[in-house]
Amino acid sequence: MPADTPPAPPAEAAAEASPHAGGPAAQARSGTRHAPSRLRRLWWLPGATAFALLRLPSFVEPHWYTDEAGYAATGREMLSGKLPYKDIWNNKPPLHLATVGSVVHTLGSTETALHLLTFVFAAIALAAVAYVARHLFVPWKAATAVLVTGVMLGLPLFDAELILPESLLIAPASWVAAIVIVRLHERRTAGNLWPVAAGLLAATALCYQQTALVDTAAVGLILLVHPAARPRHLLTYAATVVGATLAWAIPFAILVGPHTLWYALVGFYTGDYNASSLPGAHGPVLLGLLALCIAAAVAGAVLARFRSSSGGGWMLAVWAIATLTVPAAAQQPFAHFLGPTVVPVCLALVAGLPDRRDAWRSMLGNRARLLTAAPLVGGLLLAGVLARSAGVEWIPEGASSGMNTYRNLSTYYVGAFQAWTGQHTWSSWEAEWDLRAPADTAVSTWIREHGLAGHSAVVWSSDAWPYLLADLPVLLPTPPIYNNESLLQSNGGVTKRVAQLRPEIIVTEEDDLAYFSDIQPLLLSSYREVYRSTLDRVYIRSDLSVPSF
């Protein structure tokens, strides 16, 4: 596989060196020769353009995804002075909460502001793809890699536009691998600054989401087995990752307590949340298949070490297999779990394309190459099959476990145009995303219009958007009601806390009011309903009057 784009022909090089040589005719000929050269430099443009155009509806997307609201409300409270994991709870590392909270503090909680951030992070990840492709692939394959990745990150299939940890970690994680893979592929390994940079980026990705550990480990494996790497490179990289992570983990452990921090970042995931990942007798089978994926990645990496002509494709395959093990292990029906796999999988698949017509015949006749590729191809296929449990968004047929039976790409793209041009009412478009969205908008508007924004409140809903839309403080340990039930126990613990807090406002959502019904006696005894919009209701404490317009 070529290491780089072929150099310009001598004639072009001479023309570029002296663009003004000769008379007008010579200059015209020079300009003619320059045009193809300039076009070749824009090989990345189709992919970048596709990405930007496909992302446009995300800037007018309704407030509908509950996790976004949970992270944004928690981040807002954190930056307002509450100590995360103690005063305000979430199961994500602090950098993710601080990043989302800073957007809310600076630009507000509009989806335009939130999704502008994910657009930038995805663009940074796409730049890493272009960097890797430019150094590892021939021009047409490099352009293909950027185009395919740009389309996959631009489409909402993996919820990459939402401000979720997976949507942010892809930027630093992609550049960790890009720096290391290109350096090793080109044998430019002098000095220790590049493994330090890679280590800091890996620690940054870990501070966005714990699952970035697989990207970190995959790069560590590459540094361990690649013949161009030295032990000091791996040690420097590992020490940087560990040191940078401990730099924030130790202070937080001191402030909130080791057990509290451990539960938030590790224990929550190893407890009830992932209990369904290993269902009954299928648990050992799943673990065995995951171990087989990891063994295939290790075997392929070791075999590639002894083939000087193996190129950089094996490193991309190792990285892709590692990222696929996360959704494969979780076995949860959430499309965004596949988001971090988009960059490495697209690069690995494009790396497997033949550079020329006779490349397949040459490879099939080379037993050594087949022996090297077999475990990596097998591991990638197996991990991909296991990861299918996550499904995709906006294609109902591809959704997992009935998670999406009605939202489709027409809703996303055609609906956005119709709502923006006034052909479709905003509330009806919101309802096509989630029935709670127009209800949240209506009750939040009512609260603001009646001068109740900023008053003490509890949102008895899994959807925490009213906290943000109506500018209500979070009084409970965490915004979504289901996490409060986990933290304060479901035997009336949350209701007892609400009774102690005596909030002025309680906003309820129909399904959660039925599922977590222990709040109803408190509503009947101490509150009165003052407003209702489809699924949502607003209750005011009985001793208070409702301000007029």
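Residues numbered from 1 in each chain as written. Predicted model: local features only at pLDDT ≥ 70, side-chain atom pairs only at ≥ 80, totals over all residues. Heavy atoms only, no water.

Participant: How should I be thinking about the overall build of the protein in this particular structure?
Facilitator: Of regular secondary structure, the protein possesses 25 helices and four strands. For the protein, the proportion of its 549 residues judged to be buried stands at 52%. Of all intrachain contacts in the protein linking residues separated by at least 6 positions in sequence, the fraction that spans at least 24 positions is 72%. (Helix = DSSP H or I, 4+ residues; strand = E, 2+ residues; numbered from the N terminus. Buried < 20%, exposed > 50% of the residue type's maximum accessible area, 1.4 Å probe, protein only. Contact = heavy atoms within 4.5 Å.)

Participant: What am I meant to see in helix α7 (residues 139-154) here?
Facilitator: Taking 1.5 Å as the rise per residue, α7 with 16 residues should run 22 Å; its terminal C-alpha atoms sit 22 Å apart, in good agreement. Among all positions in α7, only K141, A142, A145, V146, T149, G150, L153 and G154 are buried. Structurally, α7 contributes buried residues whose contacts are with α3 (45-55), α6 (111-136), α8 (165-185), α15 (342-351) and α18 (409-420). (Expected span 1.5 Å × (residues − 1).)

Participant: I would appreciate a short explanation of the environment of L475 in the present structure.
Facilitator: Looking at the secondary structure, you find L475 in the loop between α21 (465-469) and α22 (481-488). Sequence spacing of L475 and A457 is 18 residues, and the spatial spacing of their C-alpha atoms is 7.0 Å. Not counting residues within four places of it along the chain, the set of residues in contact with L475 comprises S456, A457, L501 and P503.

Participant: Is there a simple way to think about the nonpolar core in this case?
Facilitator: Considering soluble globular proteins, one finds that nonpolar side chains tend to be buried as a cluster. In this structure, F137, L184, W314, L316 and L347 are the most contacted members of the largest nonpolar core, which totals 113 residues. Those residues in contact with W314 that sit more than four places away from it in its chain are I222, V225, H226, A301, A304 and L376. Grouped together as the second largest cluster of nonpolar side chains are 26 residues, W89, C207, F252 and A253 included. (Core = buried A, V, L, I, M, F, W, Y, C linked by side-chain atoms within 4.5 Å.)

Participant: Please explain the pattern of salt bridges as it appears in this structure.
Facilitator: Opposite charge on two side chains makes pairing possible when the charged atoms of those side chains draw close. Tallying each qualifying case throughout the model produces eleven salt bridges. The shortest N-O distance in the salt bridge between E77 and R76 comes to 3.0 Å. Notably, a salt bridge pairs R76 with D471, separated by 3.7 Å at the nearest N-O pair. One end of the pair, R76, is in helix α4 (residues 66-79); the other, D471, is in the loop between α21 and α22, and 395 residues separate them in sequence. (Salt bridge = Lys/Arg side-chain N within 4 Å of Asp/Glu carboxyl O.)

Participant: Whenever I open this one, the packing of aromatic side chains confuses me. Can you help?
Facilitator: The description of two aromatic rings rests on the distance between their centres and on the angle between their planes. Here the structure, examined in full by the defined rule, presents 22 aromatic pairs. One Lys or Arg, R407, reaches over the ring of W394 and ends 5.7 Å from the middle of that ring. The aromatic ring of Y406 is capped on one face by R407, whose charged end is 5.2 Å from the ring centroid. (Phe/Tyr/Trp six-rings, centres within 6.5 Å; stacked < 30°, edge-to-face > 60°. Lys NZ or Arg CZ within 6 Å of the ring centre and 35° of its normal.)

Participant: Would you explain the environment of V494 in this entry?
Facilitator: Among the secondary structure elements, V494 is positioned in helix α23 (residues 493-501). On the basis of relative accessible area, V494 is assigned to the buried category, the value being 0%. A C-alpha to C-alpha distance of 9.9 Å links V494 and Y482, two positions twelve residues apart in sequence. Each residue touching V494, except ones within four places of it in the same chain, is listed here: W460, L476, I481, N484, E485, L488 and Q489.

Participant: Would you take a moment to explain helix α9 (residues 193-206) for this structure?
Facilitator: Owing to its 3.6 residues per turn, the α-helix aligns residues three or four sequence positions apart on the same side. Given a rise of 1.5 Å per residue, 14 residues ought to cover 20 Å, and the 20 Å separating the end C-alpha atoms of α9 matches this to within 8%. W194, P195, A198, G199, A202, A203, A205 and L206 are the residues of α9 that are buried. Taken together, the buried residues of α9 touch α8, α10 (213-225) and α11 (231-256).

Participant: Honestly, the side chain of T495 in this entry has me stumped. Any pointers?
Facilitator: Position of T495 among the secondary structure elements: in helix α23. By relative accessible area, which is 12% here, T495 ends up buried. Apart from the residues lying within four places of it in its own chain, the contact partners of T495 are W460, D518, I519 and L522.

Participant: Explanation requested: unusual backbone geometry in the structure shown.
Facilitator: Peptide bonds are trans in most cases, and residues, glycine excluded, mostly fall at negative phi. Look at D159: it is not a glycine, yet its phi comes out positive at around 55 degrees. Topologically, D159 is positioned in the loop between α7 and α8. Residue D159 is classed as buried on the basis of its relative accessible area of 2%. One non-glycine residue, T534, lies in the positive phi region at around 45 degrees. Secondary-structure assignment places T534 in the loop between β3 (527-533) and β4 (536-541). Residue T534 is classed as exposed on the basis of its relative accessible area of 59%.

Participant: Explain empty space enclosed by the protein here, please?
Facilitator: Take a probe with the size of a water molecule and roll it over the atoms, and the empty space left behind shows itself. Applying the stated rule across the entire model yields one cavity of 30 Å³ or more. Taken as a whole, the largest cavity spans an internal volume of roughly 30 Å³. Forming the boundary of the largest cavity are I170, A173, S174, D215, W319, P340, V343 and P344. Listing elements by their share of the lining of the largest cavity, those giving two or more residues are α8 and α15. It is α8 that contributes the most residues to the lining of the largest cavity, three residues altogether. Looking at the lining of the largest cavity residue by residue, the class counts come to six nonpolar, one polar and one charged. (1 Å grid on protein atoms, 1.4 Å probe; cavity = no way out; pocket = protein on both sides within 12 Å on 5 of 7 lines; lining within 4 Å. Points joined across faces, edges and corners; volume = space filled by probe spheres on them. Nonpolar A, V, L, I, M, F, W, Y, C, P; charged D, E, K, R; others polar.)

Participant: Just to check I follow, could you spell out a nonpolar patch on the surface for this structure?
Facilitator: Together, L107, L116, V120 and I124 give the surface a local cluster of nonpolar side chains, amounting to about 320 Å² of exposed area. As for its position among the elements, V120 is in helix α6. (Patch = residues over 30% accessible without salt bridge, like charges linked within 9 Å, V, L, I, M, F, W, Y side chains within 5 Å. Areas by Shrake-Rupley, 256 points an atom, 1.4 Å probe, with all protein chains shown as cover.)

Participant: Explanation requested: the pairing of β4 in the structure shown.
Facilitator: Across a regular strand the side chains alternate sides, sitting on one face of the sheet and then on the other. Within β4, five of the six residues are buried, leaving the element largely enclosed by the surrounding structure. Note: strand β2 (residues 505-509) against β4, five bridges, orientation antiparallel. Opposite T508, over in β4, you have R537 as the bridge partner. As paired elements, β3 and β4 share six bridges and run antiparallel to each other. (Pairing = 2+ DSSP bridges.)

Participant: How should the sheet that holds β4 be read in this particular structure?
Facilitator: The strands making up a sheet associate through backbone hydrogen bonding, with each pair oriented either parallel or antiparallel. In spatial order, the strands read β1-β2-β4-β3; together these four strands make up an open sheet with mixed pairing. The outermost strands of the open sheet, each flanked by one partner alone, are β1 (457-460) and β3. Geometrically, the sheet is characterised by an average inter-axis angle of 20 degrees between neighbouring strands, direction not taken into account. Sheet analysis places β1 next to β2, joined by four bridges and oriented parallel. The residue of β2 that forms the bridge with V459 is V507. (Axes fitted to C-alpha atoms, helices over the stretch in contact; angles between N-to-C directions.)

Participant: In this structure, what is going on with the packing of helix α14 (residues 313-330) against α15? I would like to understand it.
Facilitator: Two quantities define a packed helix pair, namely the angle between the axes and the distance from one axis to the other. Relative orientation of the contacting elements α14 and α15 amounts to 145 degrees, with a least axis distance of 8 Å. For the crossing formed where α14 meets α15, the hand is left-handed. Contact residues: α14 offers G313, L316, A317, W319, A320, T323 and L324, while α15 offers V343, P344, V345, L347, A348 and A351. (Left-handed = near helix turned anticlockwise from the far one by under 90°.)

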